[in-house]
Amino acid sequence: MKSRLLDLLLYYTLVTEISGSYWSEWSDWSECSRTCDGGAKYQTRKCIRRRSHDYRCHGPRILYSTCNNQPCKSGVPDFRSEQCAAYNDGSYSGHVFKWLTHHDPLHPCALSCIAEGTNMVAILAPKVLDGTMCHNNSLDMCINGQCVKVGCDHKLYSQAVEDRCGVCGGENRTCVGKEHVTKERYRWIQTGFGSCSVTCGVGVKDKRLLCFDSYKGRVMDSIHCNDIKRPTDTRATCRPGTCPPAWRVGPWQNCTRDCGGGVSWRVVTCIQTFEDSTQKLMKDSDCESSTRPSSRKSCNGYICPTWYAGEWTVCSVSCGTGIQTREVICRHVGDNYCNVKDKPRTEKICSTGITCYDLNGDIQERKVGQLKISDDMPQGDQAITKEDLYEPRFVTTTWDSCSASCGEGIRFRFVRCQVFLWYLNDFSDLPDEDCNETKPAEHETCMVEPCYDLYEWVPDGMTECSHTCLGGIQESILKCKTKENQTIVDDKFCVEAPHVQAERRICNVKPCPQRWEIGDFGECSATCGGGIKSRDVKCIQEIAQGPSVLNLPDFMCSRPIPDNSTSCNTLDCPGQWYVGNWSKCSVTCGLGIRVRRPQCQKIRNGKLVNVSRSGCDMTLKPDTEMMCNMTSCPDPMIKSKNVKFYQLSKLSRLKLIVGMEAKILPETNIILKCPHVGLDGQKITWFKNGSEFRRSKRARVSKSGALRIRHALPGRDDAVYNCMVGGLRANVSIAFGSTFDILQATVYREKFLTGKASKEYSLLNKTVMFTDPIDRSRKPLTLISTDWSRCSVTCGGGLQSRNLSCELITLDYYEILPKEECYKGSTQKPPMIQSCNTNPCVIWRTGEWSQCKDENCVRELYSIERRDVDCVNEFNDSVTDPSYCSTLGFPPDNIRDCFNRNCTFKWETSRWSKCVSNCDERGYKTRTLTCIWAGSGEIAPQGSCNVIPQPKTSRKCKGKPCDSMVCEDESDYCSIIYQMNMCHYSNFEERCCATCHPDYDYDNYEDEATQR
């Protein structure tokens, strides 16, 4: 009551600060996505919101621009090609491919690549990197996954185009004729041979024809060269090498089960394919076991429609023949239902095995387990002989009848200590203490039969659920209790008690949790010397009662994982002959011998130990020699080296072997060798760029068949040299490096020689030696890594890759070898692809706006409506941590103004006070005014009603006649109490009797009132 008075006596002040949100300053430009040929950069800004109202900032949050638009130098790969190449050597559908650019006109800004040598196109990333050209024949650029128009002035969203003379924004005035422009500007260029279409076996390689823009210095779409005669395509046969045996799979067979989880099989074989397309079936051990495809898979895992029967109810009668029932339901998936003919029966006849009998004309029922009357009936005094009582002992009589006809009673017998006195030839009673044995009991409790009417069956709790999950059944537990104090007694006391129907209900309908299914251990792998026996340990989840389970990955079950193997049969084995591998054949072809050394060994504690030969049976000693290579010698071959050679400084002489690709310095003396086997006495013929080599003053073929070139010169000696011997060919290519390339390679590789390269780029953790084909000396190898590529996606988990180069580096030159050379002796290969940007992809999700309510008025004709704003994972549409959305900027507004015609102001008046005057004199009365919202009745901000007319707050009145004054007010607040209608409270009516008295209401008021 006091707080209500204070609220009316105080003034409220509402100060509203309304200020719109605004943008921060733009950030600095980011780095350009490319160093040449046009890239993208961006700058960002943040929306600053004020505390009173969260208004949305208008305009973009991020601003893009092009950068580094100068053409790249020759030899720089296309930006989109680099992104495809980043996925090389990574596994895709179980295979490793070399990826080339594929332009998808429907999705120009997706990273669409084609596997070399195949027609398989794959989208390796949903978005290419910013700055990637949308098409080869335009400057349009991909920005955040969208193709943005770029004019010839290299500005985003520009409409500027080149005229036919190549002038940006020109008017075709600086040249004449389209044909003249085309021939002068565009021309066909031919690249060198590309990679072989296959990685092994026989394939083809092509020289690509590209349309070159002489004005821009870059390759354009072939449409620009349509008016120019196209040169003939060049194709050559290539043989990278014999294909290793590979796995081949047959079709999947029919599933072993139509439902409930079955198995499907297929044939997996190891096949060797030769260059003539013939094939040979190999042993499984000849193929890589780690890449062997699965020959078995699960199938038809959905549950079969199955009838499930509950437990039978108790028999409907307690004697004779009755009926039992149970619930039968069909559990199924989809529209596959159970066969009605197979439905188990729901009712059967039952028999208690107890005969119903007639007792005085009334059929009585007896329960199973009825108590039997004791066989210990009185048999008369025990027969005692004289010999039994030569020593004092206790003698007992038979028990009397039980004191109660039903229920628990007491029965008695006599027990006395006796002895036989031979001199009296009679028995004599003695005191109990004269008998040295324990005195038998003289009385005990007894029961002829229970008082069945004192007991009853009472439900007491429920049984355990029949299943822990997927729905089970539990029943009420009936216990036999006394009617008097409900004490639990044995069930036999309720044999005659009325039957109580047990309650049944379904329980544990929750899904089953994941759990480990552990099988039995199998046979031991060894009969002695320590073996291993294994068992199946699988993470499963039951999806239906019965055998329907799901096989899950191990990480979905609790830790630790149960052991799936254990040791067994650890006793020592008898001595056995063990042999190592056969030695290499003594000859490489023809007839030879292989040897091995047998050793007598025993298995102790799981390890083989050598023992004396006498410990083994000499008659079982294995052979120590065998013949080998009983076939003709293999066909001749040229021993080529797959090495790329790069010269860094002057060498007096350089030996190169066929199979190598060399980039050398001018004025270097070169010796080209063509080593071979099985071709002794055969002439070696050399070819230069496909034509037979002709001797000159600087170049000749030696008697040994080596091609020698003195002071090699660019433009004359850079070529592909082929050697032919015995019908076999091999080639070595020679090119000359530029000064810039040599300087750049020297600076980059010096740090690996001096040990200054960081471990991030030098990946070998141990020294791997290699025989240098240049000088036949052993030198260490270096495995060099490039920087990781950009992540394929910005969120949700993507991939990034890098290239590895196995190199032999010296001060004068370096060689690039197959990466396998660096992996020799290593158990692990450095990864070439890794995951990145694993944070979930998120968006701001907004809910529906609330209603525009009268209670939320903020100004005239306007209220406030609100909505929920959540940070949501795009993958599973779940609400996640708002911190993941921090990169998206501030969240959308969750509050805004709305139009409400009920948000108007009005004056609320109190009741008039009683007249303030002396008796029979003129006075005045007052009332208070409050500015409120018309719709809700809530108090409005101060000053809101200044624009509407204000009611009068005082007017004249006349006091009561002096002769009617019977009491006086005792409080200064009586007029306020009257205005607040509080006169009905007795304490206020007594203290304000003059103001609250009913006779006070007859005052005479005048029509005119004055504003005070």
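Residues numbered from 1 in each chain as written. Predicted model: local features only at pLDDT ≥ 70, side-chain atom pairs only at ≥ 80, totals over all residues. Heavy atoms only, no water.

Chemist: Explain the overall build of the chain to me, using residue names and the numbers behind them.
Modeler: For the chain, the count of helices and strands is 8 helices and 72 strands. Counting all 1012 residues of the chain, 31% fall into the buried class. Intrachain contacts of the chain at a sequence separation of at least 6 include 59% that bridge at least 24 residues. Accessible surface for the chain amounts to roughly 64400 Å². Of this, 49% is attributable to carbon and sulfur atoms. (Helix = DSSP H or I, 4+ residues; strand = E, 2+ residues; numbered from the N terminus. Buried < 20%, exposed > 50% of the residue type's maximum accessible area, 1.4 Å probe, protein only. Contact = heavy atoms within 4.5 Å. Areas by Shrake-Rupley, 256 points an atom, 1.4 Å probe, with all protein chains shown as cover.)

Chemist: Explain the sheet that holds strand E18 (residues 268-273) to me, using residue names and the numbers behind them.
Modeler: In space, the 3 strands of this open sheet follow the order E16-E18-E19, with antiparallel pairing throughout. Two strands lie at the open edges of the sheet, namely strand E16 (246-249) and strand E19 (279-282), each paired on one side alone. Within the sheet, the average angular offset between the axes of one strand and its neighbour, ignoring direction, is 50°. The sheet contact formed by E18 and E19 spans 4 bridges and is antiparallel. Note that in E19 the partner of Thr 273 across the bridge is Gln 279. (Pairing = 2+ DSSP bridges. Axes fitted to C-alpha atoms, helices over the stretch in contact; angles between N-to-C directions.)

Chemist: For the nonpolar core, give the residues involved together with the corresponding values.
Modeler: The biggest cluster of nonpolar side chains holds 43 residues, and the ones touching the most others in it are Phe 645, Leu 656, Val 658, Ile 664, Leu 672, Trp 686 and Tyr 721. With 4 residues, the top contributor of residues to this core is strand E56 (residues 728-736). The contacts of Val 658, once residues within four sequence positions are left out, are Ile 638, Lys 639, Ser 640, Lys 641, Lys 673, Cys 674, Pro 675, Trp 686, Cys 723, Ala 730, Asn 731 and Val 732. Judged by nonpolar contacts, the second largest core, of 15 residues, contains Tyr 87, Cys 109, Leu 111 and Ala 115. (Core = buried A, V, L, I, M, F, W, Y, C linked by side-chain atoms within 4.5 Å.)

Chemist: Describe the packing of aromatic side chains, and please don't skip the residues or the numbers.
Modeler: Inspection of every chain in the model, using the stated rule, returns 7 aromatic pairs. Ring centres of Tyr 42 and Tyr 64 lie 6.1 Å apart, and the angle between their planes is 50°; on these two criteria the pair is classed as tilted. Taken together, the positions of Tyr 42 in strand E2 (residues 39-44) and Tyr 64 in strand E4 (residues 62-67) put the pair 22 residues apart, joining distant regions of the chain. With a relative accessible area of 21%, Tyr 64 lands in the partly exposed category. Summarising the aromatic geometry, the rings of Tyr 646 and Tyr 814 are spaced 4.8 Å apart at their centres and angled 10° between planes, so their arrangement reads as stacked. Taken as a pair, Tyr 646 in strand E46 (residues 644-647) and Tyr 814 in strand E62 (residues 813-817) lie far apart in primary sequence, 168 residues in all. The partly exposed category is assigned to Tyr 646, whose relative accessible area is 23%. A relative accessible area of 7% means that Tyr 814 is categorised as buried. Note that Arg 45 overlies the ring of Trp 23, its terminal NZ or CZ placed 4.2 Å from the centroid. The lysine or arginine in question, Arg 749, covers the ring of Tyr 814, its NZ or CZ lying 3.7 Å from the ring centre. (Phe/Tyr/Trp six-rings, centres within 6.5 Å; stacked < 30°, edge-to-face > 60°. Lys NZ or Arg CZ within 6 Å of the ring centre and 35° of its normal.)

Chemist: Could you give an account of a positive patch on the surface, naming the residues involved and the relevant values?
Modeler: On the surface, Arg 653, Lys 673, Arg 695, Arg 700, Arg 708 and Arg 710 cluster together into a positively charged patch. Tracing the backbone shows Arg 710 in the loop between strand E54 (707-709) and strand E55 (720-725). Using a relative accessible area of 43% as the deciding quantity, one classes Arg 710 as partly exposed. (Patch = residues over 30% accessible without salt bridge, like charges linked within 9 Å, V, L, I, M, F, W, Y side chains within 5 Å. Salt bridge = Lys/Arg side-chain N within 4 Å of Asp/Glu carboxyl O. Lys, Arg positive; Asp, Glu negative; His and termini not counted. Charge placed at Lys NZ, Arg CZ, Asp CG, Glu CD.)

Chemist: Got a sec to walk through the sheet that holds strand E29 (residues 415-421)? Specific residues and values, please.
Modeler: Taking strand neighbours across the sheet as the criterion, the 3 strands line up as E27-E29-E30 in an open arrangement whose pairing is antiparallel. Only two strands of the sheet have a single neighbouring strand rather than two, namely strand E27 (393-396) and strand E30 (426-430). Strand-to-strand twist of the sheet, defined as the mean angle between neighbouring strand axes without regard to direction, takes the value 50°. Bridging between E27 and E29 involves 4 bridges; their strand directions are antiparallel. Considered in E29, the bridge of Phe 394 is made with Cys 417.

Chemist: Talk me through the pattern of salt bridges; I want residue IDs and the actual numbers.
Modeler: Under the defined criterion, the tally for this structure stands at 16 salt bridges. We note a salt bridge from Lys 779 to Asp 772, for which the minimum N-O separation is 2.9 Å. Just as Lys 779 is buried, Asp 772 falls in that class too. Lys 824 is the salt-bridge partner of Glu 821, the closest N and O atoms lying 3.0 Å from each other. Taken together, the shared-partner salt bridges connect Asp 432, Lys 439 and Glu 442 into one network.

Chemist: Could you give me a rundown of the state of the cysteines, with the residues and numbers involved?
Modeler: Enumeration according to the criterion identifies 30 disulfides in this entry. The residue that forms a disulfide with Cys 406 is Cys 451, at a sulfur-sulfur distance of 2.2 Å. Here Cys 406 and Cys 451 share a disulfide; its torsion about the S-S bond, 90°, makes the bridge right-handed. With Cys 406 in the loop between E27 and strand E28 (409-412) and Cys 451 in the loop between strand E31 (443-446) and strand E32 (455-462), this residue pair connects regions lying 45 residues apart in the sequence. Since its relative accessible area comes to 12%, Cys 451 is described here as buried. (Disulfide = S-S within 2.5 Å.)

Chemist: So what's going on with the side chain of Arg 34? Which residues, and what values?
Modeler: Positionally, Arg 34 belongs in the loop between strand E1 (22-23) and E2. When sequence neighbours within four positions are dropped, the list of residues in contact with Arg 34 reads Gly 39, Asn 68, Cys 72, Pro 77 and Phe 79.

Chemist: Give me the lowdown on the environment of Val 768, citing residues and values where you can.
Modeler: By the element assignment, Val 768 lies in the loop between helix H4 (739-754) and strand E57 (769-771). Between the C-alpha atom of Val 768 and that of Leu 781, which follows or precedes it by 13 residues, the distance is 5.6 Å. Those residues within four positions of Val 768 in sequence are excluded, and the remaining contacts are Lys 779, Pro 780, Leu 781, Glu 821, Cys 822 and Lys 824.

Chemist: Requested: an account of a nonpolar patch on the surface, with residues and values cited.
Modeler: Nonpolar side chains collect at one region of the surface, where Met 637, Val 677 and Leu 728 lie side by side and expose about 220 Å² of accessible area between them. Locating Val 677 in the fold gives a position in strand E50 (residues 676-677). The class for Val 677 is partly exposed, based on a relative accessible area of 34%.

Chemist: So what's going on with the environment of Arg 790? Which residues, and what values?
Modeler: The topology assignment puts Arg 790 in the loop between strand E59 (782-785) and strand E60 (798-801). In this structure Arg 790 comes out as partly exposed when scored by relative accessible area, which is 48%. Along the backbone, Arg 790 and Gln 83 are 707 residues apart, and their C-alpha atoms lie at a distance of 8.3 Å.

Chemist: I'd love a proper account of the confidence of the model for the chain, names of residues and values included.
Modeler: Scored by pLDDT, the chain has a mean of 79; 86% of the residues are at 70 or more. Contacts from residues 1-19, a stretch scored under 50 in pLDDT, to residues over four places away or in other chains number 21 contacts. When the criterion is pLDDT under 50, residues 359-382 qualifies, and its contacts beyond four places in sequence or with other chains add up to 41 contacts. (pLDDT = per-residue confidence, 0-100.)

Chemist: Requested: an account of H4, with residues and values cited.
Modeler: Since the α-helix turns once every 3.6 residues, residues separated by three or four places project in the same direction. Its 16 residues place the ends of H4 22 Å apart at the C-alpha level, agreeing with the 22 Å of an ideal helix rising 1.5 Å per residue. For H4, the set of buried residues is Ile 742, Ala 745, Arg 749 and Phe 752. For H4, the elements touching its buried residues are E46, E59, strand E61 (804-809) and E62. One or two steps after H4, the chain reaches Gly 755, where phi turns positive at roughly 80°. (Expected span 1.5 Å × (residues − 1).)

Chemist: Can you explain the side chain of Thr 132? Please cite residues and give values.
Modeler: By the element assignment, Thr 132 lies in the loop between strand E9 (121-125) and strand E10 (141-143). Apart from residues lying up to four places away in sequence, Thr 132 is in contact with Phe 79, Arg 80, Gln 83, Asp 140, Met 141 and Cys 142.

Chemist: How would you summarise unusual backbone geometry if you had to cite specific residues and measurements?
Modeler: Here the amide bond leading from Arg 559 into Pro 560 is cis, since omega sits at 0°, within 30 degrees of zero. Mapping Pro 560 onto the fold places it in the loop between strand E38 (549-552) and strand E39 (565-568). At Asn 68, a position not held by glycine, the phi torsion is positive, near 45°. For His 154, which is not glycine, the phi dihedral falls at a positive 60°.

Chemist: Go over the environment of Tyr 978, please, and point to the residues and values.
Modeler: Topologically, Tyr 978 is positioned in helix H6 (residues 974-979). Overall, Tyr 978 belongs to the buried group, its relative accessible area being 14%. Measuring from C-alpha to C-alpha, the distance between Tyr 978 and Lys 914 comes to 7.6 Å, with 64 residues separating the pair along the chain.

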